[in-house]
Amino acid sequence: MPPVGDAIRAALLTPAPAAKVMAARKVARDWRLGRLGLTFDQPMPNRPARPVAPELLPPNRMPKRGKAGSERGRLALWHALAHIEFVAIDLALDMAGRFGAEMGEDFVSDFLGVAADEAMHFALLERHLATMNSSYGAMPAHDGLWQAAEQTAHSVAARLAVVPMVLEARGLDVTPSTIERVTNHGDMAGARILTRILDDEIRHVAIGSKHFDECARIQDMTPENYWILLVRRHFRGGLKPPFNDSARLAAGLSLSACAVLAC
Ligand SMILES: [Fe+2]
Ligand SMILES: [Fe+2]
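Draft legend 1. Local environment of the packing of helix α1 (residues 4-12) against helix α2 (residues 17-32). Where α1 meets α2, the closest approach of the two axes is 8 Å, and the angle between their N-to-C directions is 165 degrees. The pairing of α1 with α2 is recorded here as roughly antiparallel in orientation. Once α1 is placed against α2, the crossing between them reads as left-handed. Every residue of α2 that contacts α1 at V4, A7, I8, A11 and L12 is listed here: K20, A23, A24, V27 and W31.

What follows is the structure, encoded as structure tokens:
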């Protein structure tokens, strides 16, 4: 059987958004149907291939989003969300491809499932942008998310502690107020997309924390203490309250550890 590692690597190295969405969904489907072997012959790329647009800028050079509620401000929101989901496809693929040999079959199944979800999220947002006569790439995006992946490429525990359990968990906190804002603007289709994304993201964080618990057990540490240690070591700045306690609890995060890490 062809190695799953090669299929993941090929999806990471696919630059065009539509092609990456298809590649991510195909590798997840082929894996689920037992068409790929649990082998990883090649290293994952340090950086995934990116499309020509959007232009990637350092976070501090991003143009202002425009007044809240303005046409430009609304477009900028959907562009930013589409970019997050686009990078999330690669983050999930890289998780499965980089750490799959060490973590095993369930881990690969979980994170390829996440990659397929992220591809679906991106496709939904891209379609929503089209209804606003825009498309992914029309506005610049920032390059902060992949930095977290680079800084934790050496350790699956560090990667899990920071990417699903800090960065994706942050989405659980902020999405409800975004849904409210979008609803107030009368964008019901947008609100439905974000509600679906929020449900899926609770599951993604839960998958991250489940595998993290296993890493903590191997280290003979409590998940809480190990998470606090690794977030302090690998994530600059603390967690930003207020927290969505019910979503964080549903995702298996420790609220007391969140409180310790709050800035
Ligand atoms: Fe997502
Ligand atoms: Fe996610």
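Draft legend 2. How the structure looks around the environment of V231. As for its placement among the helices and strands, V231 is situated in helix α8 (residues 223-234). Spatially, the C-alpha atom of V231 lies 38 Å from that of A130, the residues being 101 residues apart in sequence. Those residues in contact with V231 that sit more than four places away from it in its chain are A161, V166 and L261.

Draft legend 3. Structural view of the nonpolar core. With 73 residues, the main nonpolar core has V4, I8, L93, L112, F212 and W227 as its most contacted residues. Of all the secondary structure elements, the ones that give two or more residues to this core are α1, α2, α3 (71-103), α4 (105-131), α6 (156-184), α7 (188-219), α8 and α10 (255-261). Filtering out sequence-adjacent residues up to four positions away, I8 remains in contact with V27, F40, M44, L93, A96, G97 and L112. Of all hydrophobic cores here, the second largest spans eight residues; its members include L91, A148, A149 and V163.

Draft legend 4. Highlighting the coordination of the iron ion (ligand 2). Bound to the iron ion (ligand 2) are the protein donor atoms E118 (OE), E168 (OE), E201 (OE), E201 (OE) and H204 (ND1), situated 1.9 to 2.8 Å from the metal. Within one chain, the residues donating to the iron ion (ligand 2) are spaced in sequence as E-x49-E-x32-E-x2-H. Between the two metal centres, the iron ion (ligand 2) and the iron ion (ligand 1), the spacing is 3.6 Å, with E118 acting as a shared donor. Highlighted residues: E168 in helix α6 and E201 in helix α7, separated in sequence by 33 residues.

Draft legend 5. Region of the structure containing the side chain of H204. Its place among the elements puts H204 in helix α7. Relative accessible area serves as the criterion here: at 0%, H204 is assigned to the buried category. Here E168 takes part through its side chain, which lies 3.3 Å from a polar atom of the side chain of H204. Other than its neighbours up to four places away in sequence, H204 contacts V114, D117, E118, H121, P164 and E168.

Draft legend 6. Structural context of the coordination of the iron ion (ligand 1). The protein atoms that coordinate the iron ion (ligand 1) are E85 (OE), E85 (OE), E118 (OE), H121 (ND1) and E201 (OE), at distances spanning 2.0 to 2.7 Å. Coordination of the iron ion (ligand 1) draws on donor residues from a single chain, spaced E-x32-E-x2-H-x79-E in sequence.

Draft legend 7. Structural view of the packing of aromatic side chains. Enumeration according to the criterion identifies five aromatic pairs in this entry. Look at F86 and F122: their rings are 5.2 Å apart centre to centre, the planes differ by 55 degrees, and that puts the pair in the tilted class. Pair noted here: F86 is in helix α3 and F122 is in helix α4, with a separation of 36 residues, a long-range link. Considering the side-chain rings of F122 and Y136, the 5.1 Å spacing of their centres and the 80 degrees angle between planes classify their relative orientation as edge-to-face. Of this pair, F122 sits in helix α4 while Y136 sits in the loop between α4 and β2 (141-142); the two residues are 14 residues apart in sequence, bridging distant segments of the chain. Its relative accessible area of 1% is what places F122 among the buried residues. Among the aromatic residues, those joined into a cluster by ring pairs are F86, F122 and Y136. Sitting over the ring of W146, R50 keeps its end group 5.9 Å from the ring centre.

Draft legend 8. Region of the structure containing the environment of A11. Among the secondary structure elements, A11 is positioned in helix α1. Linking A11 and G171, residues 160 residues apart in sequence, is a C-alpha distance of 25 Å. With residues up to four places along the chain from it excluded, the contact list for A11 reads K20, A23, A24, D90 and L93.

Calculation criteria
Residues numbered from 1 in each chain as written. Chains lettered and ligands numbered in written order. Predicted model: local features only at pLDDT ≥ 70, side-chain atom pairs only at ≥ 80, totals over all residues. Heavy atoms only, no water. Axes fitted to C-alpha atoms, helices over the stretch in contact; angles between N-to-C directions. Helix = DSSP H or I, 4+ residues; strand = E, 2+ residues; numbered from the N terminus. Parallel < 35°, antiparallel > 145°, perpendicular 65-115°, else oblique. Left-handed = near helix turned anticlockwise from the far one by under 90°. Contact = heavy atoms within 4.5 Å. Core = buried A, V, L, I, M, F, W, Y, C linked by side-chain atoms within 4.5 Å. Buried < 20%, exposed > 50% of the residue type's maximum accessible area, 1.4 Å probe, protein only. Donors = N, O, S within 2.8 Å, 3.2 Å for Na, K, Ca; no water. Polar contact = N/O pair within 3.5 Å; in protein donor to acceptor, adjacent residues only side chain to side chain. Phe/Tyr/Trp six-rings, centres within 6.5 Å; stacked < 30°, edge-to-face > 60°. Lys NZ or Arg CZ within 6 Å of the ring centre and 35° of its normal.

From the geometry alone we can't say anything about function, so treat these as descriptive.
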